[in-house]
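# Observations on chain architecture
Chain residues, written in single-letter form:
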Amino acid sequence: MLYRYMAGAVAARTGDEMSGPALLVAGLAVTGSPLTASWLLAGLTVSAAAGGPLLGVLLDRARRPGRLLACCLLGYASGLLLVLYGLGRVPDAALIGVAVVAGLLGPALTGGWTAQLPRVAGPERLSRANTLDSMSYNVAGLAGPAVVGVVASAGGGTMTVLVCAGLLAAALPAAWSLPPVRFGPAAPAHPAAPAALGAHPAASGSPVEGGAAGRGRAVRAELVEGFAVIWRNAPLRRATAGSALSCCGLAMLVVSAPVLGAELTGESGHGALLLAVTAASGLAANAVLAAWGRVRRWDRVLIWGTAVLGGGMALAAGAGAFWAAVLAAAVAGAGEGPQLTALFSVRHREAPARLRSQVFTTGASLKITSFAIGSALAGPLAAYSASSALVAGTVLQAAAVAVLTAGRRAPARAPRSARGGR
């Protein structure tokens, strides 16, 4: 089951990584307007903040969440195909609206999928499975833009959207076959959850009273409860806020990479190589984590991963030669890969089982929105110089480290007698 999950995750996330660049390339190829192409990309990403929390509630309430994920995959792919079909045929505003609607389903391809991992791997294999799952993001980040470039060169801009939709469709069988939720007696409320909201209605086996109005109140109550869990649980709150800040800073690296490549070599295409080095380094770092085995203090890995990512961006800001920029990209990836694994581990550890999907999709939607904001801020900075955008990204990584370390207490030391007198 884990291998099928991983195959589906890689296909879905590669399609997700392709979707933005594919719409950008296709929009530019058909309309010739960079403005239309950029608005299509913005529409696809900006709506994630609204879609993530609601998707999480629906996944947590579903007895077969895998089938809901399959519907989200189908809806996302259909939205991309509708945009492709409408390019040059219908008004741009309508196509941007379709992209916004499709973007609501985006968090299902990331956090919504990862939230199902405990039922696939079981508690005894969850740590290693979590590392492998985060590696799928590195693989997708490495393969997605590369596939867009190859397909666009060989078959044109419109073909990239077709290949993207095909990858999303290839993940449908794996999503559909994910194991069902087996509801038992209502679990005790998580310490961070407000007790007044009570148990999950599906877990108690009692129908939601009041018809559609009652179901609407229940969904709103679970939305409130999910946000309350993230806010009141200190490790979750720090991880969510810190990772969102870090993702905003990471956008500075992504946007400035082509500019840095052009400044150092005269070819903006070399910037894509820097991003590929970052993704490959993150994949290698996660492979080392998977081989190393069980890590106990994931909160520390999250902090150090963010710090190393910021260090790599600082090195890139001061790079005077392309080889130095490649080295900086490798350092950044060595931090970004374990950072993602640690983030997932903290969420799996802290999130109540009945709210896990909401915690993951809410976190994913916040990161996607933060990345969109960071991209918008990075554009003017990178237009001035790549170094200015990278310095801003470094500052954001430092702020993320400050958030992740705020309020943390060192673990209490055991008495001397418990340490064998040493």
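Please refer to the structure placed before this passage.
Remember, it's a predicted structure, so these values are computed and weren't measured experimentally. (Residues numbered from 1 in each chain as written. Predicted model: local features only at pLDDT ≥ 70, side-chain atom pairs only at ≥ 80, totals over all residues. Heavy atoms only, no water.)

This part is about the overall build of the chain. A count of helical and extended segments in the chain gives 18 helices and zero strands. Counting all 422 residues of the chain, 50% fall into the buried class. Taking as baseline every contact in the chain between residues at least 6 positions apart, the subset at least 24 positions apart corresponds to 83%. For the chain, the computed accessible surface area is about 18200 Å², with 68% contributed by carbon and sulfur atoms. (Helix = DSSP H or I, 4+ residues; strand = E, 2+ residues; numbered from the N terminus. Buried < 20%, exposed > 50% of the residue type's maximum accessible area, 1.4 Å probe, protein only. Contact = heavy atoms within 4.5 Å. Areas by Shrake-Rupley, 256 points an atom, 1.4 Å probe, with all protein chains shown as cover.)

Right, let's get into a nonpolar patch on the surface. A cluster of nonpolar side chains, Leu-81, Met-159 and Leu-162, forms an exposed patch at the surface whose accessible area comes to about 230 Å². Tracing the chain through its elements places Leu-162 in helix H9 (residues 157-170). Leu-162 sits in the partly exposed class, given a relative accessible area of 42%. (Patch = residues over 30% accessible without salt bridge, like charges linked within 9 Å, V, L, I, M, F, W, Y side chains within 5 Å. Salt bridge = Lys/Arg side-chain N within 4 Å of Asp/Glu carboxyl O.)

The next subject is the packing of helix H1 (residues 2-31) against helix H8 (residues 126-155). For the pair H1 and H8, the least separation of the axes is 7 Å and the interaxial angle reads 40°. In the crossing of H1 with H8, the sense of the turn from one axis to the other is right-handed. Considering only residue class, the contact of H1 with H8 consists of 18 nonpolar, four polar and three charged. (Axes fitted to C-alpha atoms, helices over the stretch in contact; angles between N-to-C directions. Left-handed = near helix turned anticlockwise from the far one by under 90°. Nonpolar A, V, L, I, M, F, W, Y, C, P; charged D, E, K, R; others polar.)

A separate point is the side chain of Lys-367. As for its placement among the helices and strands, Lys-367 is situated in helix H17 (residues 356-384). Buried charge without a partner: Lys-367 forms no salt bridge, and the closest opposite charge is Glu-336, 6.2 Å away. (Lys, Arg positive; Asp, Glu negative; His and termini not counted.)

What follows covers the environment of Ala-332. For Ala-332, the position within the fold is in helix H16 (residues 322-350). Residue classification places Ala-332 among the buried positions, given a relative accessible area of 1%. When the C-alpha atoms of Ala-332 and Ala-279 are compared, they prove to be 9.1 Å apart, with 53 residues separating the residues in sequence. In this structure, Ala-332 is in contact with Leu-253, Thr-278, Val-308, Leu-309 and Gly-312, ignoring residues within four places of it in sequence.

The end-to-end C-alpha distance of helix H3 (residues 48-61), which contains 14 residues, comes to 20 Å, matching closely the 20 Å that a straight helix rising 1.5 Å per residue would cover. Those residues of H3 lying buried are Ala-48, Gly-51, Gly-52, Pro-53, Leu-55, Gly-56, Val-57, Leu-59 and Asp-60. (Expected span 1.5 Å × (residues − 1).)

Moving on: the packing of aromatic side chains. To describe a pair of aromatic rings, one takes the distance between the centres and the angle between the planes. For the structure shown, the criterion picks out three aromatic pairs. Measuring from centroid to centroid gives 6.0 Å for Phe-344 and Phe-360, while their planes differ by 50°, and the two rings are tilted. Highlighted residues: Phe-344 in helix H16 and Phe-360 in helix H17, separated in sequence by 16 residues. Look at Phe-344 and you get buried, because its relative accessible area is 3%. Owing to a relative accessible area of 0%, Phe-360 belongs among the buried residues under this scheme. One aromatic cluster is present, built from ring pairs that chain together Tyr-137, Phe-344 and Phe-360. (Phe/Tyr/Trp six-rings, centres within 6.5 Å; stacked < 30°, edge-to-face > 60°.)

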